[in-house]
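# Observations on the three-dimensional arrangement
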Amino acid sequence: MTEPSEPTEPLPTVRLRVPTEEDAYAWHRVFDDPDVMEFHGGKPAELSVYEELTARQRRHDAERGFCFWTMLDEDDEVIGFTGAQPWPHETLGPVGEIEIGWRLGRAHWGRGYATAAARTTLERVRAAGVERIVAMVNSRNKRSIAVTRRLGMELATTYPIPSTGDTAHCFRLTL
């Protein structure tokens, strides 16, 4: 396992919880920004997308002991999500793998929240018996690539993104 590089400043306090039904509304609000959605379809998603996503994450937590958790800052405000889930596609990408991911509201970028929460995710999925994870990141998403590097992940392969013509980098980490 590659050792993660240490941040130069202490990471912020972040709390993770299984997403509630109300978190669908919070995620919809926090992610209602074209910058946040640049690599996730380019425009804000409908509320129904987050209702389905939070419900699916509650099922993952119940069945597997991990999911994409709601991320809360020091004031218990919803700022995004992070966690792990089975790769959601059956014909493209790292089929059958466990994916780590994160998404933050724009106001919270650059402050270490994604790295802090992702490190907690690594601890939790390791405790749940997961032996290896992947992170799929658009090759243009420099911020998320930096998080994968801080976690000690290494580029394993690339995949085309048919909908955009971009390339996805698949990073892997053995836990």
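In what follows, the structure referred to is the one given above.
The notes below deal with the structure included here.

## Description of the overall build of the chain
The secondary structure content of the chain amounts to 4 helices and 7 strands. Each helix (α) and strand (β) of the chain, taken in turn from the N terminus, gives the series β-α-α-β-β-β-α-β-α-β-β. By the compact-globule yardstick of 16 Å for 175 residues, the chain fits well, its C-alpha radius of gyration being 15 Å. By its C-alpha atoms, the chain is 40 × 35 × 35 Å across when sized along the principal axes. The 175 residues of the chain split such that 47% are buried. A separation of at least 24 residues holds for 63% of the contacts in the chain among residues at least 6 apart in sequence.

## Section: the packing of helix α1 (residues 23–30) against helix α2 (residues 47–64)
Where α1 meets α2, the closest approach of the two axes is 8 Å, and the angle between their N-to-C directions is 130 degrees. Compared by their axis directions, α1 and α2 come out oblique. Here the hand of the crossing between α1 and α2 comes out right-handed. Each of Asp23, Ala24, Tyr25, Trp27 and His28 in α1 lies in contact with α2, whose residues at this interface are Leu47, Tyr50, Glu51, Leu53 and Thr54.

## Observations regarding the packing of aromatic side chains
For the coordinates displayed, the defined rule picks out 5 aromatic pairs. Pairing Trp27 with Phe31 gives two aromatic rings, centres 6.5 Å apart and planes at 50 degrees, and the pair type is tilted. Over the ring of Phe31 we find Arg103, and its NZ or CZ is 5.2 Å from the ring centre. Here the guanidinium or amino end of Arg124 rests over the ring plane of Trp69, the centre of that ring lying 4.6 Å away.

## A closer look at the nonpolar core
Residues Ile100 and Ile133 are the most contacted members of the largest nonpolar core, which totals 44 residues. When residues in this core are grouped by element, the largest group, 7 residues, is from helix α3 (residues 113–127). Those residues within four positions of Ile133 in sequence are excluded, and the remaining contacts are Ile98, Ile100, Leu122, Val125, Met153, Phe171, Arg172, Leu173 and Leu175. Of all hydrophobic cores here, the second largest spans 5 residues; its members include Trp87, Val134, Ala168 and Cys170.

## Some details on the side chain of Thr148
On the secondary structure map, Thr148 appears in helix α4 (residues 142–150). According to the relative accessible area criterion, Thr148 is buried, its value standing at 0%. Among the polar contacts listed, one links the side chain of Thr148 to the backbone oxygen of Ile145, at a separation of 2.6 Å. In contact with Thr148, not counting residues within four places along its chain, are Trp102, Ala135, Val137, Met153 and Phe171.

Basis of the calculations
- Residues numbered from 1 in each chain as written.
- Predicted model: local features only at pLDDT ≥ 70, side-chain atom pairs only at ≥ 80, totals over all residues.
- Heavy atoms only, no water.
- Helix = DSSP H or I, 4+ residues; strand = E, 2+ residues; numbered from the N terminus.
- Rg over C-alpha atoms; globule rule 2.2 N^0.38 Å.
- Buried < 20%, exposed > 50% of the residue type's maximum accessible area, 1.4 Å probe, protein only.
- Contact = heavy atoms within 4.5 Å.
- Axes fitted to C-alpha atoms, helices over the stretch in contact; angles between N-to-C directions.
- Parallel < 35°, antiparallel > 145°, perpendicular 65-115°, else oblique.
- Left-handed = near helix turned anticlockwise from the far one by under 90°.
- Phe/Tyr/Trp six-rings, centres within 6.5 Å; stacked < 30°, edge-to-face > 60°.
- Lys NZ or Arg CZ within 6 Å of the ring centre and 35° of its normal.
- Core = buried A, V, L, I, M, F, W, Y, C linked by side-chain atoms within 4.5 Å.
- Polar contact = N/O pair within 3.5 Å; in protein donor to acceptor, adjacent residues only side chain to side chain.

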